[in-house]
Structure formats: C-alpha cells, structure tokens
Amino acid sequence: MFDINKIRKDFPILERKITDGNKLIYFDNAATSQKPKVVIDSLVKYYENYNANIHRGVHKMAEEATCAYEEVRQKVKSFIGARNEDEVIFTRNTTESLNLLAYSLGELFVNEGDEILLSEMEHHSNIIPWYILRSRKKIKVKFIPITDNYELDYKSLEQLVTKKTKIISLTHKSNVLGTVNNIKKIAQIAKANGAVFIVDAAQSAPHLSVDFQDLGCDFLVFSSHKMCGPTGVGVLVGRREYLEKMPPFLGGGEMIRKVTFEDFTTNDLPWKFEAGTPNIADVIAFGVAIDYLQNIGLENIYKYECELTEYALDKLKQFDFLKIYGAKDCNKRAGIITFSNPVVHPHDIATIVDQYGIAIRAGHHCAQPLMKKLNVSATARASFYFYNTKEEIDLFVYALKKAFDYFAIGACNELIKGKINAKQNATTTR
Amino acid sequence: MQNKTLPQLDDLYKEIILEHYRNPHGREPLSKVNYQAEGMNPLCGDEVKLTLQLDSENDKKIEKVHIEGHGCSISVASGSMLADILKGKTIAEAKEISKYLKEIMHDKINDTEIDIGDLEALCGVKKFPVRIKCALLPWTTFEEALLGHEHVEIS
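Residues numbered from 1 in each chain as written. Chains lettered and ligands numbered in written order. Predicted model: local features only at pLDDT ≥ 70, side-chain atom pairs only at ≥ 80, totals over all residues. Heavy atoms only, no water.

### A look at the packing of helix α2 (residues 37–49) of chain A against helix α10 (residues 280–296) of chain A
What describes two packed helices is the angle between their axes and the distance between those same axes.
All names here are of chain A.
Then step 1. Two elements in contact, α2 and α10, have axes separated by 9 Å at closest approach and are oriented at 145°. Of the two elements, α2 crosses α10, and the hand of that crossing is right-handed. The residues of α10 that touch α2, namely those facing Val38, Val39, Ser42, Leu43, Tyr46 and Tyr47, are Ile280, Ala281, Asp282, Ile284, Ala285, Val288, Ala289 and Tyr292.
Then step 2. Tallied by class, the residues present in the contact of α2 with α10 amount to twelve nonpolar, one polar and one charged. (Axes fitted to C-alpha atoms, helices over the stretch in contact; angles between N-to-C directions. Helix = DSSP H or I, 4+ residues; strand = E, 2+ residues; numbered from the N terminus. Left-handed = near helix turned anticlockwise from the far one by under 90°. Contact = heavy atoms within 4.5 Å. Nonpolar A, V, L, I, M, F, W, Y, C, P; charged D, E, K, R; others polar.)

Right under this line is the structure:
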C-alpha cells in the first residue's frame, strides 16, 4: 500500500522551512534524493557502535563491520539482478564507475582507430572519460542523435555501429529529457556487432525496476545518493568475463593479493577494483536505503511518479508559451520535466520559486552538448520522487505563474510582450 | 500553506533591472574596436560579448560600449547598465567603478563614494549570494578585455 502521508513522515528534511513560512518542496531529485530517517540513523549507529576497518581486522567490530559491508553487496546483487556478488563493485559514484570502465576497458582492448559510441543525451560523466581515453588511444567518439520527439534515433544507431565500435555507453534514462531508452533492443544490436555495452542507470535505478540480466548489457553503473542512500557510494555491475581480464583502476591496499619489492598480484573480484578503505558507513546505509525502496516497491514508485508527471504536465499546459523538452508519452519519460520559455531565464525562475521554498534546477544539467542540440543555453528542470505530492505541484505552478507575472508587467519590448500576452491571458499586476 | 508574499524578491528584481532586461542598452554597433572579450559562465551558460570603442582624439576615454549575449535578467541588466555608465568615462574611472561594484557585492568596506547611477539597483543581488556572479559577469569580462584576455570563463 502506497501511503504518501506515512512516507513523507520518513523524511525529516521535508519538515524544513526554507523561507518565511515556506516548507521545503524538493523538486531537484534528479540531482540527488533526500534521505529517510532509517538511512540517517544507520550512519549514526555504525559510528557509535561498530566503526572499524573491514576485511583485515580479527577483532569483533572488524568482523561486524565486514559482515555489514559485504551484506550490502548481496542486497545490491538481488536489487539490480546481477548474476554474482563478485560482479558487484563499490565505487565512489556513477562517475567513478564510468571512469573505471573507460580506463580499464580502454587498456584491455581499445586500440587506435577504434570507435566508442555514445548518445547526444549523455551526462558529462559519460562523455569526458571517453574523451580522456581518446586522447590516450587515438580513437573516435561518436554520438547517436536524438529525434524531434527527444528519443534516441534507433535507425541512426544501427548505422553508427560498425565493426570498429568497441564500446557502446548509453544512459538508461536522460537526466534532462526523462527519456527512458530501450536498453534491451540496443543490447541485441551491441551483441550482434561484438561491442561491449555499458548502461548508465544513475537516473533509472532509483525510479524504475532495473534488472541487469534482463536488460542484457555488459556493465551497469549507478549511485546510492539518487536513491535515498548517502553520497559517496557508487555501484558498478559487470560480467566476470571482462572484469577478470581488466587491469586494475586504482592501486593500493585491499586490491592486492601479494606484494614484493619487484611486483604485485591482484586480489579476486570484486576487491580487485576496491582499492583502499572503502566508504564503509555509507555502503552500509545504502543497504538500508535499498531495503527501504524495496519495501515501498519500485513498481509503486514508478507508477506514482508517472501520475505526478502527468499531473504536472497537465497543469503546465496553462503556460502554452513554455517549451517542454521530452517525450509526450508519459511511459517514455519519467519524473523529469525540463522546460524553457522566451522571457524568463531559468536562473530567474529558480530564484523566484526558491522564495516559495521550491528547489528546482536551472542550468545545463551537466549536459552541455545536449543543450547545444536543443539550441538553448540553459533550461529549468523539476524532477520528482515518490515523496512529492500533487499539492506541491500546485504550489510550484502557482510560483511559476508569479515568476511569469513578475517579468511580463509593463514589458516595453513589444516582441516579448506580444509573445507573452498572446498566450497568457490572465496576467495580473503584482 | 506556503507564504504568498515575496518581499525579498522586490529587492532583487527592482523595476529598473527589469527595464534594462527587457530593453538592454549598448546594442548599437561600434565604428571601431579597441578592446574586446567574451565572458562566459560555464555553470549557467550565460554569455557576454563586450567591445569597447575609445575616443579617437584621446584613447584613454571610452566613447562607446557594445554588449551582446544571453543570460538571466541580472546579468543582462548589469551589462546594459555597464554600457550606460562607462560611456564617456576614462579607462581609469571605468576600472574604479568596476572595482567599487565588486567590493559592494562582496560586502567589503569601501570609503570612496562613486555615483553609480542605475547600478545602485543591482546591490539587492547581495542578498542572493548565488546570483552575484550573474551581476559581475559583464564587469569581469570588461576587466579582462582591458587585460587583453579575449576569452574568460567565470565560475
């Protein structure tokens, strides 16, 4: 049973007042999510009761901490449908997971003249690691275009994959458009062409049921902090066939088996890729977040977010000068509404709605190439999670109207005035 | 229920700022270019292209400023005000104004008194720390132009 009032009580921050009398309305969930009290409590419990370094100690607390840490690997395995625990690697965040892959896969089998295929809707974290690899290996980085309906252009994709394509690395769900890509279909194309397929699930894992084996990709990466867990924990799920052959990314303690004055040998999976003391407390709290999400149910979360998105899109129709980026069909875009308008800059919108306690994002959302493709320098983005409500959306729409009113009054620029007045009939003076 | 009054906002979006945003000054083309720079805030995508034309008889005086680009109301209004206030000033005076404005924004004590005209309205930005860089983008671009740096990134 999805009880929104009960859920909201789990998040202490939702009681916070941002400006005079204005409670927080948090619509910046694509950037990071808020944390339920159980997750926060778990951090305190760890530091107050069994803070110890893991794997090497023989004392009681070291054993407790090691167990708690490794238990989370088990939880992640079943949460994301990985095959084995040793194919689940903890990193710092999605970005680090992608850097690990670009470096290590790059060393393993990418050579001069090879191609890496990305898409126009990627976050910088799935572009820059490949640019860095390009500067090392003299390879080509190509981008699958998006269609006018803000979806991946699957036809172009098939043309762009060649025998030279070594790696395809794509987002599961765009952090700007909300578009959910057809990963299963692309996995088949990748397989048929012998390319390794990486999926960036940072925006999908928190919001929809994601199953690594069902998707059929080779690697999947995501972050704890966007799914009710703490910052500082990322996940990399992969196939042992590759992970075993891949050279280590970071060197140090934990990732070795034997070290001599001459050389070293690497530890088994997954620890081969977990150099140094990991983020023990946050990994353990991430496990609590996974339990929390599974208790509510990812299907319920997805359904509820679709409802919110549909409701918001309907309410936003009254501003018909708004340009909303994203698929029309709610099933193809989830929880994210990115928009621009001819008069009020996204920064001004964000400042104005912030006065009502509403947190949205304004800017390029770490996707500058996509902004260029959309032909805007910046956009505003509202992104929802399961603790948001329709009432909050109503207030957001009210605040937006205020923002538009603020700027439309006595506009002397006839062009702008015309654009606004033609479409916004109920503009009042402030 | 959320509070419906916005007293703070009136400090930020003074009518004069909105005026400049709707109808920015300094858009007329120049007959010659003595200094130029493009300023950009990669965090928000705001861009300013600034060119200065100096007096032909006395090249220490700014005859005209051309400014274009895109950005939020604060950065566009600030650029528009810059074009107004720097016109006819010597380079030394212009630098002084720029320094003065930056000091006000960052709450530094300043003993000098300079008449900054419409720019006074920009001072409300102080209450919105994340927006200060919007207000200063055109000014930093101006300072960098004088230094001969043609591309500036501010964050």
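### So, the interface of chain A and chain B
Then step 1. The interface is formed by 30 residues belonging to chain A together with 29 residues belonging to chain B.
Then step 2. For the pairing of chain A and chain B, the buried interface totals around 2500 Å² over both sides, and the portion due to carbon and sulfur atoms is 53%.
Then step 3. When the buried surface of chain A facing chain B is broken down by residue, His347, Gln355 and Tyr406 of chain A rank first, second and third, together holding 22% of it.
Then step 4. Taken together, chain A and chain B are joined by one salt bridge.
Then step 5. Of the charged contacts in the structure, one is a salt bridge between aspartate 348 of chain A and arginine 131 of chain B, with a shortest N-O distance of 2.8 Å.
Then step 6. Put simply, chain A and chain B have eleven residue pairs in polar contact (both at pLDDT 80 or more) between them.
Then step 7. Elements with a minimum of two residues in the side of chain A that touches chain B: β2 (22–23), α12 (346–354) and α14 (390–408) of chain A.
Then step 8. When residues in the side of chain A that touches chain B are grouped by element, the largest group, five residues, is from α14 of chain A.
Then step 9. Here the side of chain A that touches chain B is composed, by residue class, of 14 nonpolar, twelve polar and four charged. (Buried area = accessible area lost by both parts, 1.4 Å probe. Salt bridge = Lys/Arg side-chain N within 4 Å of Asp/Glu carboxyl O. Polar contact = N/O pair within 3.5 Å; in protein donor to acceptor, adjacent residues only side chain to side chain.)

### Examining the pattern of salt bridges
All names here are of chain A.
Then step 1. For the structure shown, the criterion picks out 32 salt bridges over all chains.
Then step 2. Across the pair glutamate 392 and arginine 8 runs a salt bridge whose closest N-O atoms are separated by 3.2 Å. Highlighted residues: glutamate 392 in helix α14 and arginine 8 in helix α1 (residues 4–9), separated in sequence by 384 residues.
Then step 3. Owing to a relative accessible area of 5%, glutamate 392 belongs among the buried residues under this scheme. (Buried < 20%, exposed > 50% of the residue type's maximum accessible area, 1.4 Å probe, protein only.)

### Quick notes on the sheet that holds strand β17 (residues 379–383) of chain A
Through backbone hydrogen bonds, the strands of a sheet pair up, either in parallel or in antiparallel fashion.
Residue and element names in this part refer to chain A.
Then step 1. Taken together, four strands build an open sheet; the order of strands is β13-β14-β17-β16 and the sheet is antiparallel. The strands lining the two open edges of the sheet, one partner per strand, are β13 (323–325) and β16 (361–363). Sheet twist, expressed as the average angle between the axes of neighbouring strands with direction ignored, equals 30°.
Then step 2. Pairing of strand β14 (residues 336–340) with β17, which is carried by four bridges, proceeds in the antiparallel orientation. (Pairing = 2+ DSSP bridges.)

### Describing helix α4 (residues 91–105) of chain B
Residues and elements named next belong to chain B.
Then step 1. Between its terminal C-alpha atoms α4 stretches 21 Å, which fits the 21 Å expected from 15 residues at 1.5 Å a residue.
Then step 2. In this structure, the buried residues of α4 make contact with β1 (35–41), β2 (46–54), β3 (62–70), α3 (73–86) and α5 (132–146).
Then step 3. The positive-phi residue at the C-terminal boundary of α4 is aspartate 107, with phi of around 60°. (Expected span 1.5 Å × (residues − 1).)

### Concerning the side chain of glutamine 53 of chain B
Residue and element names in this part refer to chain B.
Then step 1. Tracing the backbone through its elements, the reader meets glutamine 53 in strand β2.
Then step 2. According to the relative accessible area criterion, glutamine 53 is buried, its value standing at 4%.
Then step 3. From its side chain, glutamine 53 meets the backbone nitrogen of serine 31 in a polar contact 3.0 Å long.
Then step 4. Look past the residues within four positions of glutamine 53 in its chain and what remains in contact with it is Leu30, Ser31, Lys32, Asn34, Lys61, Ile62, Glu63 and Lys64.

### With respect to unusual backbone geometry
All names here are of chain A.
Then step 1. Here leucine 269 and proline 270 are connected by a cis peptide whose omega angle stands at 0°.
Then step 2. For lysine 138, which is not glycine, the phi dihedral falls at a positive 55°.
Then step 3. As for its position among the elements, lysine 138 is in the loop between α5 (128–137) and β6 (140–144).
Then step 4. The backbone of cysteine 366 shows a phi angle near 55°, a positive value even though the residue is not glycine.
Then step 5. Locating cysteine 366 in the fold gives a position in the loop between β16 and α13 (368–374).

### Description of the nonpolar core
Residues and elements named next belong to chain A.
Then step 1. Leu220, Phe222, Phe286 and Phe386 are the most contacted members of the largest nonpolar core, which totals 163 residues.
Then step 2. Ranked by residue count, the leading element in this core is α10, at eleven residues.
Then step 3. A domain split of this core shows at least three residues from each of domain 1 (4–30 + 297–413) and domain 2 (40–294).
Then step 4. Excluding residues that lie within four positions of it along the chain, leucine 220 makes contacts with Ile80, Val199, Ala201, Val210, Phe212, Leu215, Val235, Leu236 and Val237.
Then step 5. In this structure, Ile89, Leu98, Leu100 and Met246 belong to the second largest nonpolar core, which totals 25 residues. (Core = buried A, V, L, I, M, F, W, Y, C linked by side-chain atoms within 4.5 Å. Domains from an automatic or database assignment.)

### A short note on the sheet that holds strand β5 (residues 115–119) of chain A
All names here are of chain A.
Then step 1. Taken together, the seven strands give an open sheet; going across it, the order is β4-β10-β9-β8-β7-β5-β6, and neighbouring strands pair in mixed fashion. Sheet topology places β4 (88–91) and β6 at the edges, where each strand pairs with a single neighbour. On average, each strand axis in the sheet is tilted by 20° relative to the strand beside it, whichever way the strands run.
Then step 2. Where β4 and strand β10 (residues 234–238) come together, four bridges link them in antiparallel fashion. In the sheet register, threonine 91 faces β10, and the bridge partner there is glycine 234.
Then step 3. Relative to the sheet, helix α3 (residues 60–80) contacts β4, β9 (219–223) and β10, its axis offset from that of β4 by approximately 115°.
Then step 4. Contacts from helix α4 (residues 94–109) reach β4, β7 (165–171), β8 (196–200), β9 and β10 within the one sheet, and its direction differs from that of β9 by about 155°.

### Thoughts on α5 of chain B
Residues and elements named next belong to chain B.
Then step 1. Taking 1.5 Å per residue, 15 residues should reach 21 Å; α5 reaches 22 Å between its end C-alpha atoms and fits that length.
Then step 2. Most pronounced at proline 138, the bend in α5 amounts to some 35°.
Then step 3. Counted residue by residue, α5 has 13 buried out of 15 residues, so it is predominantly covered.
Then step 4. Phi turns positive one or two residues past the end of α5, at glycine 148, with a value near 85°. (Bend = angle between axes of the 7 residues up to and from the residue.)

### Let's talk about the confidence of the model for chain B
Then step 1. Overall, the predicted model of chain B reaches an average pLDDT of 88, with 93% of residues at or above 70.
Then step 2. Taken element by element, chain B is modelled with least confidence in strand β4 (residues 151–153) of chain B, mean pLDDT 77, and with most confidence in α3 of chain B, mean pLDDT 95. (pLDDT = per-residue confidence, 0-100.)

### Section: the pairing of β14 of chain A
Residue and element names in this part refer to chain A.
Then step 1. Along β14, five of the five residues are buried, which leaves the element largely enclosed by surrounding structure.
Then step 2. Across the two faces of β14 the burial is the same, with Ile336, Thr338 and Ser340 and Ile337 and Phe339 all buried.
Then step 3. Relative to β14, β13 is paired through three bridges, and the arrangement is antiparallel. Its bridge partner lying in β14, isoleucine 324 is registered against phenylalanine 339.

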